[in-house]
Amino acid sequence: MSQKHTFEGKVAIVTGAGSGLGRSHALALARLGATVILNDLGDRPESVGGGAGARAAAEMLTDEGHLAFVDEGDIGEEEYARALVSRTVDQYGHVDVLINNAGVAGFGTAQETTTDHLQSILNIHLMGSFWTMNEALQHMRRRGYGRIVNTSSAAGVFGAAGAFPYATAKAAIVGMTKGAAEDNMDVDIRINALCPLAATPMSQTWMEANPTVDRKLLRTEAVSPLALYLSHHDCSISGLTLSGGMGKWTNYFTAEAAGVESSENLDDVFMKLDGLLAVEGFHIPRIHTIPDSNS
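Scoring rules and cut-offs
Residues numbered from 1 in each chain as written. Predicted model: local features only at pLDDT ≥ 70, side-chain atom pairs only at ≥ 80, totals over all residues. Heavy atoms only, no water. Helix = DSSP H or I, 4+ residues; strand = E, 2+ residues; numbered from the N terminus. Contact = heavy atoms within 4.5 Å. Areas by Shrake-Rupley, 256 points an atom, 1.4 Å probe, with all protein chains shown as cover. Phe/Tyr/Trp six-rings, centres within 6.5 Å; stacked < 30°, edge-to-face > 60°. pLDDT = per-residue confidence, 0-100. Pairing = 2+ DSSP bridges. Axes fitted to C-alpha atoms, helices over the stretch in contact; angles between N-to-C directions. Buried < 20%, exposed > 50% of the residue type's maximum accessible area, 1.4 Å probe, protein only. Right-handed = clockwise from strand over helix to strand, strands pointing away. Salt bridge = Lys/Arg side-chain N within 4 Å of Asp/Glu carboxyl O.

Check the secondary structure of the protein chain and you find 11 helices and 10 strands. Considering only contacts in the protein chain between residues 6 or more positions apart, those separated by 24 or more positions represent 72%. Of the roughly 14800 Å² of accessible surface on the protein chain, 54% is carried by carbon and sulfur atoms.

A few words now on the packing of aromatic side chains. Given two aromatic rings, one states the distance between the centres and the angle between the planes to describe the pair. Applying the stated criterion to the full structure yields three aromatic pairs. Ring geometry for Phe69 and Tyr92: centres 5.3 Å apart, planes at 35°, overall tilted. In this pair, Phe69 sits in strand S3 (residues 68–72) while Tyr92 sits in helix H4 (residues 78–92), placing the two residues 23 residues apart along the sequence.

With that settled, the discussion passes to the confidence of the model for the protein chain. Model confidence for the protein chain is summarised by a mean pLDDT of 88, while 86% of its residues fall at 70 or above. Under a pLDDT of 50 for its full length, residues 45–51 has, in the predicted model, 11 contacts with residues more than four places off or in other chains.

Time to look at the sheet that holds strand S4 (residues 97–100). Ordered in space as S3-S2-S1-S4-S5-S6-S8-S9, the eight strands form an open sheet in which the pairing is mixed. Looking at which strands have only one partner, the edges of the open sheet turn out to be S3 and strand S9 (248–252). Going across the sheet, the axis of each strand differs from the next one's by a mean of 20°, ignoring polarity. Strand direction decides the pairing type here: strand S1 (residues 11–14) and S4, joined by three bridges, are parallel. Bridge pairing in S4 places Ile13 opposite Leu98.

Of all six residues in strand S2 (residues 35–40), six are buried; the element is thus mostly enclosed. Taking every second residue as pointing to the same face, both faces of S2 are buried, with Thr35, Ile37 and Asn39 on one and Val36, Leu38 and Asp40 on the other. Across four bridges, S1 lies against S2 in parallel orientation. Across the sheet, residue Ile13 finds its bridge partner in S2, namely Ile37. Once the chain exits S1 it traverses helix H1 (residues 20–31) before rejoining the sheet at S2, and the crossover so formed is right-handed. Relative to S3, S2 is paired through five bridges, and the arrangement is parallel. Each bridged residue has a counterpart across the sheet, and for Asp40 the counterpart in S3 is Glu72.

For Ser129, the location among the structural elements is in helix H5 (residues 115–143). Classification of Ser129 as buried rests on a relative accessible area of 4%. Not counting chain neighbours up to four residues away, the residues in contact with Ser129 comprise Asn100, Ile124, Asn150, Ile173 and Met176.

As for its placement among the helices and strands, Glu256 is situated in the loop between S9 and helix H10 (266–271). Placed 25 residues apart in sequence, Glu256 and Gly281 show a C-alpha to C-alpha distance of 8.6 Å. Each residue touching Glu256, except ones within four places of it in the same chain, is listed here: Gly281, Phe282, His283 and Pro285.

Moving on, we come to the pattern of salt bridges. Within this structure, the stated rule accounts for nine salt bridges. Where Glu78 meets Arg82, a salt bridge forms, and the shortest distance between an N and an O atom there is 2.9 Å. Here Glu78 pairs with Arg82, and both are found in helix H4, just four residues apart, close to one helical turn. The closest approach of N and O atoms between Asp188 and Arg190, which form a salt bridge, is 3.1 Å. Asp188 sits in the partly exposed class, given a relative accessible area of 24%. Connected through salt bridges with shared partners, the residues Glu78, Arg82 and Glu135 form a single ionic network.

Next up, the structure:
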């Protein structure tokens with residue numbers, strides 16, 4: 001079936017593309033015409049994720065006639081993360097799309113998490129995404145064009161018990177994405193966050209804790225269209241957080257409730273608490289929707 005929206009002529013980097021969502025995004029991008037650079041660690045067996053290593057995925061795409069290349073390294077190391085982007089620009093002339101997908105699970109409560117553990121999770125999720133985004137923006141701004149998708153999680157938006165390091169890193173990614181989007185509204189650069197829920201090697205713990213969930217609702221292929229929309233030339237939003245999983249696509253947003261009249265009296269906080277916490281009458285202070293250039 002032919003697709004109306006393609007990625008012909010675009011160069012895309014997908015981190016963590018050896019399995020799960022990253023692999024799904026990379027396959028879809030390449031099959032829609034993009035030149036795709038699949039990042040993966042490269043120091044693990046190709047059987048990880050059901051035989052779906054980055055090299056195997058790239059070979060499959062090449063056999064199909066698509067342009068796919070592997071760049072192996074640890075996105076949690078600044079030197080490599082930045083070099084991944086600059087190397088792509090040097091080899092392919094430009095980078096149009098960056099999907100920051102690489103990540104690892106991070107369990108532990110706030111009271112038991114060590115500094116070293118938290119820092120290691122932050123390096124992969126938050127700093128890895130920052131380093132590649134920061135480097136990509138240098139090139140994108142010179143060309144006046146780019147699309148960046150930073151992978152967050154519902155755990156980062158709403159919190160999650162027993163996953164303090166992971167939730168902290170993913171929450172920071174939402175803030176980082178919003179800030180970066182605001183900083184680049186002057187050019188045709190869109191930066192958004194994606195919160196996926198899919199059956200992947202990293203989600204095994206969640207799936208074991210929710211055995212009754214229909215696995216058909218957790219297919220990575222149902223999340224990738226959102227990643228592709230946010231990566232597309234015709235994407236009309238920036239600074240938002242979209243979610244895909246459990247059979248639906250949705251918008252996660254931060255809003256301001258109507259609130260109550262303030263005073264300088266502590267007792268008034270107790271008296272007005274119900275009204276203070278009410279969510280009726282909320283509004284979203286700012287959402288940027290860029291008009292469709294084709295309309």
